[in-house]
Structures are given as C-alpha cells and as structure tokens.
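Single-letter residue listing:
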Amino acid sequence: MSATARHLRRYLRPTGLECHDHAQWVLPLRGDLQFEVGGAGGSLDLLQGAFVAPGETHDLEALGDNCCLIIDCHPDVLDDDTLEHLCRQRWLALSRDIRRQLQDIHANGVGMDPLPQLLRYFAPAGSGARLQALCMAIAAAPGADWTVARMAAEVGVGGSRLHALFAREFGLSPQAWVSGARLRWAKRQLLAGTAGISDIALHAGYSEQSALTRALRRETGMTPRQWRLAGSSLGQYAQG
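Computed from a predicted structure; not experimentally measured.

Asker: Kindly report on the side chain of Glu169, identifying the contributing residues and their values.
Answerer: Mapped onto the elements of the fold, Glu169 is located in helix H6 (residues 159-170). Assessed through its relative accessible area of 11%, Glu169 is described here as buried. Here Tyr121 takes part through its side chain, which lies 3.2 Å from a polar atom of the side chain of Glu169. A polar contact is formed between the side chain of Glu169 and the side chain of Arg168, at a distance of 2.9 Å.

Okay, here's the thing in structure tokens:
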C-alpha cells in the first residue's frame, strides 16, 4: 500500500474480526459505532475516534445511519515513540479543529489530508497532550465525581484555565465533556448486556434513571429501552 490511504465508509453490518499490518485511524463523521480493539471496547462518535496499531485485532458495529473516515497508515509514517504513545492512548478525543476538517471531508468528499493535523495533535508532545490524558481518564471512569476542581488538578491548572483550554480545544465546557463521556458509556452498556437501566444510569454518574433518559432522548430521540431494543434488532439482522 502507499504511505497513507483515505476511505469514506458506511457500515451496514458488523465487520467481524479484522487484522492488518498497517496502522489505522477510525474517525466517525456521522452516527454511533461500537468498537473493539486489542481486547478493549469503546464507543465512537463525533467527539471520539480510535487508533488501531499494526497487527491488532479489531471489529466494529454501527447502530443506524453512519459514516466513518478510515485512514490506513503505513507503519513507517509513524516514529516508534508516536506509535507506542498512540497504542497506549487508543481512544482519540477529537478537537474542534479536527472535527471541522472531518466535517469538511464529509460534506464535500474532498479537503486537506487530516493526517498531518492528527499527528501534530496526538503525538507524545503534541498540542493535544495536555488534555488527552484527562479525557481518557474520564472515558475510563465516567461515573466518578469529576468536579472542575478535580479535573483542573489532573491537568495542573486552575479552574478558569481549564475552562479556557476546553473551550479552545473542544468548543465545550469541561462538564459538557463529562456529560458526553457518561452518555457514551451508558449507550454502550445498554447495548452490551442485560444490566438494569437504573444500574447503568447510576454507574454512569447520573443521579437517577430519568436523568439518563432525558440525556439520551435529547441526543437520539430514543429512551434507554428503545436504544437497547434497536441494538438488539441490529444484532439479529446481522446474524440473519
């Protein structure tokens, strides 16, 4: 393959397990995708993408209408430090500038190659390094008590500076980012098993089930039960 290749893809059914000798960036442009890579599972959407290292087994399943930019990247494009860093990080909290470039590709089917910007942002000493560790910690434990004071301490800044950093990088407040991570986690749990909706809501950090219902209905137009049933129907279709 060439050094890099870009593909716009829609997923109508689960991909099944895949493995290849090149690295891959998985960047959602529309919809929700459930992603498994290297034994770890997560949800991808407009705020969160994923990186797949060469030789890693992965699979993907989408719920409803979706579109994704896939960047296949020859290992020689990435230096060893960057590759190791991205393998540890795995999930990519997408900045506002990156999202704008992706949406331009989505809207027009053309645009500048996003890989240079991705590498500048997600490299070990890249411009996004300051907030990425915090965003990944929130994604790993969204139900924790993520106060502004706690988040600011994680980054090593004051509360007002944290707000400024989130506004500049993501176009969101820190608490809005936490809310997105909680909903992303809850949506995955609703699809992944049979845990009670109220238990999922509490573990995600919602005060009660109705708070999760309001948040999910705002974003998807569905209740938690409808979201779970939609995922179940998709799974049955994919197996048929």
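Asker: Pulling in residues and values, what's your account of the nonpolar core?
Answerer: Among the nonpolar cores identified, the biggest contains 55 residues, and Trp25, Leu27, Phe35, Phe51, Phe122 and Leu162 are the most heavily contacted of them. Aside from chain neighbours lying at most four places away, what touches Leu162 is Leu131, Leu134, Val148, Met151, Ala152, Val155, Val157 and Pro174. Among the nonpolar cores identified, the runner-up in size contains 14 residues, and Ala186, Ile197, Ile200 and Leu216 belong to it.

Asker: Run through the pairing of strand S2 (residues 23-37), naming residues and quoting values.
Answerer: The element S2 is extensively covered by neighbouring structure, given that 12 of its 15 residues are classed as buried. In the sheet, S2 pairs with strand S5 (residues 58-73) via 13 bridges, with the strands oriented antiparallel. Within the sheet, the bridge partner assigned to Leu33 lies in S5 and is Ala62. By the bridge criterion, 3 bridges tie S2 to strand S4 (residues 48-52) in an arrangement that is antiparallel. Counted as the bridge partner of Trp25 is Phe51 from S4. In this sheet, strand S3 (residues 40-44) lies alongside S2 in antiparallel orientation, the contact comprising 5 bridges. Its bridge partner lying in S3, Leu33 is registered against Leu44. Where S2 folds back on S3, the antiparallel hairpin that results is connected by 2 residues, among which Gly38 adopts a positive phi of roughly 55°.

Asker: For the pattern of salt bridges, give the residues involved together with the corresponding values.
Answerer: All told, the structure shown has 10 salt bridges when counted by the stated rule. The shortest N-O distance in the salt bridge between Arg184 and Asp45 comes to 3.1 Å. Of the two residues, Arg184 sits in helix H7 (residues 174-192) while Asp45 sits in the loop between S3 and S4, which places them 139 residues apart along the sequence. Summarising the burial analysis for this pair, Arg184 and Asp45 share the class buried. Taking the shortest distance from any N to any O, the salt bridge between Arg168 and Glu169 comes out at 2.9 Å. Within the structure, one salt-bridge network assembled from shared partners comprises Arg10, Arg30 and Asp65.

Rules used throughout
Note that residues are indexed from 1 along each chain, following the sequence as it is written. Confidence filtering applies because this is a predicted model: local features only for residues at pLDDT of at least 70, side-chain atom pairs given and counted only at 80 or more, and all residues used for totals across whole chains, interfaces and linings. Neither water nor hydrogens contribute to the side-chain values; these are computed over all heavy atoms in the structure. Secondary structure elements are taken from DSSP: a helix is a run of H or I of four residues or more, a strand is a run of E of two residues or more, and numbering for both begins at the N terminus. Burial here depends on accessible area, computed with a 1.4 Å probe over protein chains only, as a share of the maximum for the residue type. Under 20% is buried, over 50% is exposed, and the range in between is partly exposed. Whenever two N or O atoms come within 3.5 Å, that pair is a polar contact, provided that in protein one can donate a hydrogen and the other can accept it, and provided that, for residues adjacent in sequence, both atoms are side-chain atoms. Take the buried Ala, Val, Leu, Ile, Met, Phe, Trp, Tyr and Cys residues and link them wherever side-chain atoms come within 4.5 Å; each set so joined is a nonpolar core. Contacts are assigned to residue pairs with any non-hydrogen atoms lying within 4.5 Å of each other. Here the rule is simple: two strands pair whenever DSSP picks up at least two bridges between them. Salt bridge, as applied in this entry: a Lys or Arg side-chain nitrogen positioned within 4 Å of an Asp or Glu carboxyl oxygen.

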